[in-house]
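# Observations on the model geometry
Letter by letter, the chains look like this.
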Amino acid sequence: MWIEILIFLGLLCLWFYHYCTKQFDEFKKRGMPFAKPSFPFGSSNAKSALMGEVSFFDVDRALAANEFKDEKIFGYFMMGQPTVVINDEELAKRIMVKDFDHFTDLRPMGYEAETKDAKIMKYQMAGLKGEQWKKVRSIMSGVFSSGKLKLMTPHIVMCGQQLEAYMTPLVEKGEELEARHIASLFTIDAMATSGYGLEINSFENPENTFRKMALTLVGAPGYGSSMDMMRMVFIMTAPSLAKLLGIPIFPKQPCLFLSNIIEKAYRQRMNSGEKRNDIIDVIVEEVKTSELSKDFT
């Protein structure tokens, strides 16, 4: 029995080693500069991110500013996954504008499944591909036109008034204010009222459910789990195994909470015709009038 278990564990380790190292020669074959990888983390910057030494959002910043500062393009490895970094402003503009039709599909983020969290990743704009992405982009371009965004101004103004009411007594007392915290409260309230149709006033109740769920979803300090980063990296590098093990792409509780809010508001507006001049209203209008919307209903 123990022999079989040891053999199985040995084979599993060999498979994991092969999985992480099988693409380590990808950039060398293409003649691209790259940060040398090692098992199991990949390049040194990836190890720093996975060990919590740097933010995941800054994972390539040090390489771009130092080792590869004179390179327009370079690569690194996040565990076994090769990642290309564009380190030149003009080249980035060309990719994002002039030649964007060649770069419409982003790399897969996770796996395809019928669970709600997996569907949200699959059908968000960054996860769509090809013609489906172009159709959704055409629909959403109308949603974010300047004229329609101006309709949401009263909601943002209301959040500003709540901000003023919160700050005035503190300023009169001469108390110090944490700008980042106040900006976070304002941003969450603005998103809730203009995007979800909710008026929550986080200045009076900073621990309201919407704010807690939103911050948990994005893994904000004090709300996210210490395993969020490892979970996302594992899903990105081994999506099939993550799907087999049932590892969720997003934390399930906040994902279900926020998606249910949108679904309920959307259905209510579609059935009742009620208008609030927020993003949900504009999307409902586009879905009703756009010829492309029939592909998604």
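Note that the coordinates shown come from a computational prediction; the quantities given were computed from them, not determined experimentally.

The rules behind these values
- Residues numbered from 1 in each chain as written.
- Predicted model: local features only at pLDDT ≥ 70, side-chain atom pairs only at ≥ 80, totals over all residues.
- Heavy atoms only, no water.
- Helix = DSSP H or I, 4+ residues; strand = E, 2+ residues; numbered from the N terminus.
- Buried < 20%, exposed > 50% of the residue type's maximum accessible area, 1.4 Å probe, protein only.
- Lys, Arg positive; Asp, Glu negative; His and termini not counted.
- Charge placed at Lys NZ, Arg CZ, Asp CG, Glu CD.
- 1 Å grid on protein atoms, 1.4 Å probe; cavity = no way out; pocket = protein on both sides within 12 Å on 5 of 7 lines; lining within 4 Å.
- Points joined across faces, edges and corners; volume = space filled by probe spheres on them.
- Nonpolar A, V, L, I, M, F, W, Y, C, P; charged D, E, K, R; others polar.
- Core = buried A, V, L, I, M, F, W, Y, C linked by side-chain atoms within 4.5 Å.
- Contact = heavy atoms within 4.5 Å.
- Salt bridge = Lys/Arg side-chain N within 4 Å of Asp/Glu carboxyl O.
- Phe/Tyr/Trp six-rings, centres within 6.5 Å; stacked < 30°, edge-to-face > 60°.

## Some points on the overall build of the chain
Along its length, the chain carries 15 helices and 2 strands. The principal-axis extent of the C-alpha atoms belonging to the chain is close to 65 × 55 × 55 Å. Per-residue burial for the chain yields a buried fraction of 35% across its 297 residues. Averaged over its 36 positive side-chain charges, the chain has a centre that lies 5 Å from the centre of its 37 negative ones.

## Looking at empty space enclosed by the protein
Taken as a whole and assessed by the stated rule, the structure comprises 1 cavity of 30 Å³ or more. What the largest cavity holds in volume is close to 30 Å³. Taken together, Met158, Cys159, Gln162, Asp189, Ala192, Thr193, Leu198, Glu199, Ile200 and Asn201 make up the full set of residues lining the largest cavity. Every element with two or more residues in the lining of the largest cavity is listed here: helix 9 (153-173) and helix 10 (179-195). Class assignment of the residues belonging to the lining of the largest cavity gives a composition of 5 nonpolar, 3 polar and 2 charged.

## Side note on the nonpolar core
Counting 15 residues, the largest nonpolar core has Leu63, Phe74, Tyr76 and Met78 as its most contacted members. Within the residue set of this core, elements represented by two or more residues are helix 3 (44-50), helix 4 (61-65) and strand 1 (73-78). Sequence-distant contacts of Met78, that is, excluding residues within four places in its chain, are made with Phe41, Ala46, Leu50, Phe56, Val59, Val233 and Thr237. Residues Val136, Met140, Val143 and Ile279 belong to the second largest nonpolar core, which totals 9 residues.

## Regarding the pattern of salt bridges
Taken as a whole and assessed by the stated rule, the structure comprises 11 salt bridges. Between Glu263 and Arg267 there is a salt bridge, with its nearest N and O atoms 3.9 Å apart. A residue pair is termed a helical-turn pair when its members lie 3 or 4 positions apart in one helix, as Glu263 and Arg267 do in helix 14 (residues 252-272) at 4 residues. Through salt bridges with shared partners, one network takes in Glu199, Arg269, Arg276, Asp278 and Asp281.

## Some points on the packing of aromatic side chains
Applying the stated criterion across every chain yields a total of 10 aromatic pairs. Taken together, a centroid distance of 5.2 Å and an interplanar angle of 65° make the contact between Phe24 and Phe77 edge-to-face. Highlighted residues: Phe24 in the loop between helix 1 (2-21) and helix 2 (26-30) and Phe77 in strand 1, separated in sequence by 53 residues. Measuring from ring centre to ring centre gives 4.6 Å for Phe68 and Phe74, while their planes differ by 10°; the resulting arrangement is stacked. For the residue pair Phe68 and Phe74, the accessibility class agrees, reading buried in each case. What links up through ring pairs into an aromatic cluster is the set Phe24, Phe27, Phe34 and Phe77.

None of this, on its own, says anything about what the molecule does.
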